[in-house]
2 protein chains.
Amino acid sequence: MERESLDQLTRRNVRTVEARRDVIREGERPRAVNVVLEGWACRYKQLPDGRRQVVSFFVPGDFCDANVFILKQMDHSIGAITRVRIAEITPEDFQGLMDRSQRVTQALWWHELVDAAISREWTANIGQRTAYERIAHLLCELFLRLEAVGLSRNCKVDFPLTQTDLADATGLTAVHVNRTLQELRRDGLIELHGRVLIIPDLARLQDVAMFNSNYLHLEHEGRHLDAND
Amino acid sequence: MERESLDQLTRRNVRTVEARRDVIREGERPRAVNVVLEGWACRYKQLPDGRRQVVSFFVPGDFCDANVFILKQMDHSIGAITRVRIAEITPEDFQGLMDRSQRVTQALWWHELVDAAISREWTANIGQRTAYERIAHLLCELFLRLEAVGLSRNCKVDFPLTQTDLADATGLTAVHVNRTLQELRRDGLIELHGRVLIIPDLARLQDVAMFNSNYLHLEHEGRHLDAND
DNA sequence: CGGGTAATTGACCCGGGTCAACAGCAGTGG
DNA sequence: CCACTGCTGTTGACCCGGGTCAATTACCCG
């Protein structure tokens, strides 16, 4: 039942944003809760001098901040990586959703908590790991998240990020990402060509990345209320 | 009225944790929402090989994750920096709090959103800024947060972090933090001796740090329901 | 086939890490 | 009152992971 009311809302206001365009920009007033239905997007922050940091990726099923509209303005931008289809849920609809069902509210809190956990993991990733471990870690995370929403097929996922995207997300330069990806390939940990990523032995990749999936909290029932699963 | 019911809850189960002890450890099941009443604490994550990343600091008034008990286990630890007094709010009380008042619920969401925003800012800070900018940025943030809860007095705040804490929070080594603090002192941007931090000209420090306070969302009313203000 | 984006390579450099010694100072116990 | 211990801060010498700059080389798409 909750499933259905959510589905309904995500069908109402759908818009499409072209690849490499912004969904919403830092400084703007958030109008709605965005749900990514299709495609990839990212949050990013930009320093006055142009340096750019991607602070999270959105894959299908992800919410961009339940309740953002509580805040007066965006403190970061959301950009489309590929062309994305995005559902906008108005504050009223969103409130209604939470009023109607305790379970949906729980699921939304769950999603927020996981989102926060991912963000902290990124901080630790960038702060402590070497380039090699760091990229391996990010790939593990993305792979598992895609798998969780049914977007993997025998160790293979669609992977639209450029090396520049990876660089902006890991705090490295594109040149160094390039070299590091080559090492990962050479070591047989990944296959990455064009838009396809293959991780032949996830356990091994997790190992070198010191990846512990606990922060994704994949076992909880709450996740089954995600927009896509 | 909401103010009072919250105050009441934070008086009920208070415990004290000594400096440098853990409040709760990664892997444990979260039992309650923790509110820091007094002292400083931090969240941190530790890699299997010992590298440690502090992913946030808690100062008086801060909530450690509304609703954490939704999750099955902690994906990080919370450690006391100084001796801290912490109120534990049980899941039931917490739920009651939210059921009783829409405004409190909003304030809690506000707090979660700000917490997430801070976490993202840290990611960007570590990913993009130089050591000098990075430390300056962290000091700006902490100063403003302390000010917001009334813990500053003419440009001066109590500052119990060691250089090792700063190192773990910024992804630098303690040695380099030491050298960078000396530079900041030499440039007249900070005075830091013992447990006292003085920022004679905050605007100037913000400038070199490229610090934009928007992510703290200080202007919102919601913050006035924090445990300490 | 032309134009643009993304990936790759090479040469060189620097911010910050590492290692190791030492200084300052608070607490503690004799 | 002083020696002892342990933590925090400081300094110096040396090194390396990753950045910078600049030129190519795929690749994709119309």
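Note that the structure is predicted; figures quoted are calculated from it, not measured.

Enquirer: Can you help me understand the protein's contact with DNA strand D in this one?
Expert: Ala131 of chain A together with Gln163, Asn178, Arg179 and Gln182 of chain B are the nearest of the 15 residues found near DNA strand D. Of all DNA strand D atoms lying within 4 Å of any protein atom, the proportion belonging to sugar or phosphate reaches 68%. A distance of 2.6 Å separates a phosphate oxygen of DNA strand D from a polar backbone atom of Gln163 of chain B. When residues of the surface near DNA strand D are traced back to their parent elements, those giving at least two are helix H6 (174-186) of chain A together with helix H6 (174-186) of chain B.

Enquirer: Explain the relation of the copies chain A and chain B here, please?
Expert: The two chain copies are connected by a rotation around an axis plus a translation along it. Between the two copies, chain A and chain B, the superposition gives an RMSD of 0.0 Å; the rotation angle is 180 degrees and the shift along the axis is 0.0 Å. When the rotation and shift are considered jointly, the pair of chain copies conforms to a two-fold rotation axis. It is Thr123 of chain A whose C-alpha, among those of chain A, lies nearest the rotation axis, at 2.4 Å. In this assembly, 100% of the residues forming the interface of chain A have copies in chain B that are likewise at the interface, indicating an isologous arrangement.

Enquirer: Explain the interface of chain A and chain B to me, please; I cannot follow it from the model alone.
Expert: Interface size, as often reported, equals the accessible area lost upon joining of the parts. Contacts between the two partners involve 52 residues from chain A and, on the opposite side, 52 residues from chain B. Between chain A and chain B lies a buried interface of about 4,700 Å² when both sides are counted; carbon and sulfur atoms form 59% of it. When the area that chain A buries against chain B is broken down by residue, the three leading residues are Trp109, Arg120 and Gln128 of chain A, summing to 18%. For the pair chain A and chain B, the interface holds 6 salt bridges. For Arg120 of chain A, the salt bridge is made with Asp75 of chain B, and the minimal N-O distance between the two is 3.6 Å. Taken together, chain A and chain B are joined by 16 residue pairs in polar contact (both at pLDDT 80 or more). Looking at the side of chain A that touches chain B, the elements that each hand over two or more residues are strand S4 (41-46), strand S5 (52-58), helix H2 (91-100) and helix H3 (102-128) of chain A. Here the side of chain A that touches chain B gets 17 residues from one element, more than from any other, and that element is H3 of chain A.

Enquirer: Is there a simple way to explain the packing of helix H5 (residues 163-170) of chain A against H6 of chain A in this structure?
Expert: For any two helices packed against each other, the geometry comes down to the angle between their axes and how far apart the axes lie. Residues and elements named next belong to chain A. At their nearest, the axes of H5 and H6 sit 8 Å apart, and the two run at 105 degrees to each other. In this view, H5 runs roughly perpendicular relative to H6, as classed from their interaxial angle. In this structure, H5 contributes Gln163, Thr164, Leu166, Ala167 and Thr170 to the contact, and H6 contributes Ala174, Val177, Asn178, Leu181 and Arg185. For the contact of H5 with H6, the per-class residue count stands at 5 nonpolar, 4 polar and 1 charged.

Enquirer: Before we go on, may I ask you to explain the environment of Pro60 of chain A in this structure?
Expert: All names here are of chain A. Secondary-structure assignment places Pro60 in the loop between S5 and strand S6 (63-64). The class of Pro60 is buried, set by a relative accessible area of 8%. Linking Pro60 and Trp40, residues 20 residues apart in sequence, is a C-alpha distance of 6.8 Å.

Enquirer: Would you take a moment to explain the sheet that holds strand S8 (residues 84-89) of chain B for this structure?
Expert: Strands belonging to one sheet form pairs held by backbone hydrogen bonds; the direction of such a pair is parallel or antiparallel. Residue and element names in this part refer to chain B. Pairing is antiparallel in the open sheet, where 4 strands are placed in the order S1-S8-S3-S6. Edge positions in the sheet fall to strand S1 (14-17) and strand S6 (63-64), since each has one partner strand and no second. Both S1 and S8 contribute to a ladder of 4 bridges, which runs antiparallel. Directly across from Arg15, in S8, lies its bridge partner Ile86.

Enquirer: It is not clear to me how the domain arrangement of chain A should be interpreted in this structure. Could you clarify?
Expert: Residue and element names in this part refer to chain A. With domains assigned, chain A is organised as domain 1 (2-113) and domain 2 (130-216). Taken over C-alpha atoms, the centre of domain 1 sits 24 Å from the centre of domain 2. The partner domain 2 presents 18 residues to the 13 residues of domain 1 that form the contact. When domain 1 packs against domain 2, close to 1,200 Å² is buried across both sides, 62% of that on carbon and sulfur atoms. When the shortest N-O distance is used, the salt bridge between Arg145 and Asp62 registers 2.8 Å. The tally of links between domain 1 and domain 2 comes to 7 residue pairs in polar contact (both at pLDDT 80 or more). With 5 residues, S5 is the single largest residue contributor to the side of domain 1 that touches domain 2. Of the residues belonging to the side of domain 1 that touches domain 2, the class tally is 8 nonpolar, 2 polar and 3 charged.

Quick notes on the rules
- Residues numbered from 1 in each chain as written.
- Chains lettered and ligands numbered in written order.
- Predicted model: local features only at pLDDT ≥ 70, side-chain atom pairs only at ≥ 80, totals over all residues.
- Heavy atoms only, no water.
- Near = heavy atom within 4 Å.
- Polar contact = N/O pair within 3.5 Å; in protein donor to acceptor, adjacent residues only side chain to side chain.
- Helix = DSSP H or I, 4+ residues; strand = E, 2+ residues; numbered from the N terminus.
- Least-squares fit on C-alpha atoms with pLDDT ≥ 70 in both.
- Contact = heavy atoms within 4.5 Å.
- Buried area = accessible area lost by both parts, 1.4 Å probe.
- Salt bridge = Lys/Arg side-chain N within 4 Å of Asp/Glu carboxyl O.
- Axes fitted to C-alpha atoms, helices over the stretch in contact; angles between N-to-C directions.
- Parallel < 35°, antiparallel > 145°, perpendicular 65-115°, else oblique.
- Nonpolar A, V, L, I, M, F, W, Y, C, P; charged D, E, K, R; others polar.
- Buried < 20%, exposed > 50% of the residue type's maximum accessible area, 1.4 Å probe, protein only.
- Pairing = 2+ DSSP bridges.
- Domains from an automatic or database assignment.

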